[in-house]
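Descriptive analysis of the structure
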Amino acid sequence: MRTSPFLSAATPLQRVMLKVLAALLPGIALQVWLFGIGVLAQLALASVAALATEALCLKLRGYPVRRFVSDGSALVCAWLLALSLPPLAPWWLAVLGSMFAIALGKQVYGGLGQNTFNPAMVGFVVLIVSFPAQMSHWAAPLAAGPAYLDASAQLAHIFGGVLPHGIGFDALASATPLDAARTAVRQGLPGPDGMLGGTSAWLALGWLVGGLFLLQQRLIPWQLPCGFLGALAVLAALFHWADPAAHAGALFHLGSGAALLGAFFIVTDPVTAPTTARGRIIYAASAGALTYLIRAFGNFPDGVAFAVLIMNMATPLLDQLTQPPVFGRKAGRAGRS
């Protein structure tokens, strides 16, 4: 018979998810510093909606709710989605996106471990396709904006859509570095000079710190972030070398948008990425190349979410084609019966 204490220890999956959440904290702290308390509001809204949706789906499927809700995977999904949203986005955007992410991206396939697509990116793509105007309303960083919103004003705008008298959203809005680059090229103006993307570089630094922590803890394989960032940098450098006026350089693309967040926290999803080393490199490099092509020639300023979802579809094939040879057989016969 067991004696007290009867405190249950965290499962291995819970420990992994807690470490992933901890790795996101440096980037979250920098995002709050740059954009204000609205970031925390989006995180709270997405977390509550994701957990509630997960619990409802589990209940409807007849699975134990507490066991699966407490594994932390829904929180990781919610945080990744919330961090991709404009900090002053209306409250229903984070709620709706989290519901789609959990229900459509995860539970409809049978739950964690059986989903084909990255749930957070499913939620993000649903939102950016359905509500492009709301998803493009990024406010300028607090220190650089022409108008300043304190915490209460930010919350009033998120939950009520109201701004202080005399301030319109145009006074707060600011194009992201990727948006600014696309606009400049389309207007025939000189493109970015190849340097890092302004304040986005600070966020990239936060994601880099968290990503290095995950690598140090051996929670993510090096092939995925290195393959993704390497392909993105090489393509950006080649196009910038060919036409510097029309294409930003590698440093700009690495420090802008969701490149670092995607490389360390999204591409590395263990469920939707290949399991073999060669498969991971092909998968990540293809996602990095697609991200650049969508950024440079697509209709959306950033392409991480679309690139990851496209490559998620190729994961079963990559796993099959890159299986190491069975012991005792020649490499050329790998994967064949």
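Everything numeric in this text was worked out from a predicted model, so none of it was measured.

**Section: the overall build of the protein chain**
Along its length, the protein chain carries 15 helices and 0 strands. By the burial criterion, 47% of the 337 residues in the protein chain qualify as buried. Residue pairs in contact within the protein chain that sit at least 24 positions apart in sequence constitute 77% of those at least 6 positions apart. As displayed, the protein chain has an accessible area near 16,500 Å², and 68% of this comes from carbon and sulfur atoms.

**Structural notes on the UniProt feature "transmembrane region" (unreviewed entry) in the protein chain**
According to UniProt, the "transmembrane region" (unreviewed entry) feature falls on residues 32-56, 91-109, 121-140, 195-215, 222-242, 248-268 and 280-298. Along residues 91-109, the helical share is 79% and the strand share 0%, with 27 Å between the first and last C-alpha atoms. Between the C-alpha atoms that bound residues 280-298 there is a distance of 25 Å. The span itself is 95% helix and 0% strand.

**Considerations on the environment of Ala120**
Here Ala120 is to be found in helix H6 (residues 119-130). For Ala120, a relative accessible area of 1% corresponds to the buried category. Residues Ala120 and Ile102, spaced 18 residues apart in sequence, show a C-alpha to C-alpha distance of 7.9 Å. The contacts of Ala120, once residues within four sequence positions are left out, are Cys77, Leu80, Leu81 and Ala101.

**A closer look at helix H14 (residues 277-297)**
For H14, with 21 residues, the first-to-last C-alpha span of 30 Å sits near the 30 Å given by 1.5 Å per residue. Measuring from the side-chain oxygen of the N-cap residue of H14 to the backbone nitrogen of Gly279 gives 3.1 Å; that N-cap residue is Thr276.

**Considering a nonpolar patch on the surface**
Residues Trp33, Trp202, Leu205, Leu208, Val209 and Leu212 make up a contiguous nonpolar surface patch of roughly 600 Å² in combined accessible area. If one sorts the elements of the nonpolar patch by residue count, helix H10 (residues 200-216) sits on top with 5 residues.

**A short note on helix H11 (residues 223-242)**
When the terminal C-alpha atoms of H11 are compared, their 28 Å separation across 20 residues agrees well with the 28 Å that a helix rising 1.5 Å per residue should span. Inspection of H11 places Gln223, Leu224, Pro225, Gly227, Phe228, Leu229, Ala231, Leu232, Ala233, Leu235 and Ala236 among the buried residues, and these make up the whole buried set. Looking at the buried positions of H11, the neighbouring elements they touch are H10, helix H12 (250-255), helix H13 (259-266), H14 and helix H15 (304-321).

**Details of the packing of helix H5 (residues 91-105) against H6**
For the pair H5 and H6, interaxial distance at closest approach is 8 Å and the crossing angle is 130°. In terms of axis orientation, H5 runs oblique to H6. Helix-helix and strand crossings are classified by hand; for H5 and H6 the assignment is right-handed. In contact with Leu93, Leu96, Gly97, Phe100, Ala101, Leu104 and Gly105 of H5, H6 contributes Pro119, Ala120, Val122, Gly123, Val126 and Leu127. For the contact of H5 with H6, the residue count by class is 10 nonpolar, 3 polar and no charged.

**A word on the nonpolar core**
Counting 81 residues, the largest nonpolar core has Leu24, Leu80, Trp207, Phe228, Phe265 and Tyr283 as the members making the most contacts within it. Per-element accounting of this core gives the leading share, 9 residues, to helix H1 (residues 12-35). Excluding residues within four positions of it along the chain, Leu24 makes contact with Trp79, Leu80, Leu83, Trp207, Leu261 and Phe265.

About the cut-offs
Residues numbered from 1 in each chain as written. Predicted model: local features only at pLDDT ≥ 70, side-chain atom pairs only at ≥ 80, totals over all residues. Heavy atoms only, no water. Helix = DSSP H or I, 4+ residues; strand = E, 2+ residues; numbered from the N terminus. Buried < 20%, exposed > 50% of the residue type's maximum accessible area, 1.4 Å probe, protein only. Contact = heavy atoms within 4.5 Å. Areas by Shrake-Rupley, 256 points an atom, 1.4 Å probe, with all protein chains shown as cover. UniProt positions renumbered as here; feature names shortened; annotations may be inferred. Expected span 1.5 Å × (residues − 1). Polar contact = N/O pair within 3.5 Å; in protein donor to acceptor, adjacent residues only side chain to side chain. Patch = residues over 30% accessible without salt bridge, like charges linked within 9 Å, V, L, I, M, F, W, Y side chains within 5 Å. Salt bridge = Lys/Arg side-chain N within 4 Å of Asp/Glu carboxyl O. Axes fitted to C-alpha atoms, helices over the stretch in contact; angles between N-to-C directions. Parallel < 35°, antiparallel > 145°, perpendicular 65-115°, else oblique. Left-handed = near helix turned anticlockwise from the far one by under 90°. Nonpolar A, V, L, I, M, F, W, Y, C, P; charged D, E, K, R; others polar. Core = buried A, V, L, I, M, F, W, Y, C linked by side-chain atoms within 4.5 Å.

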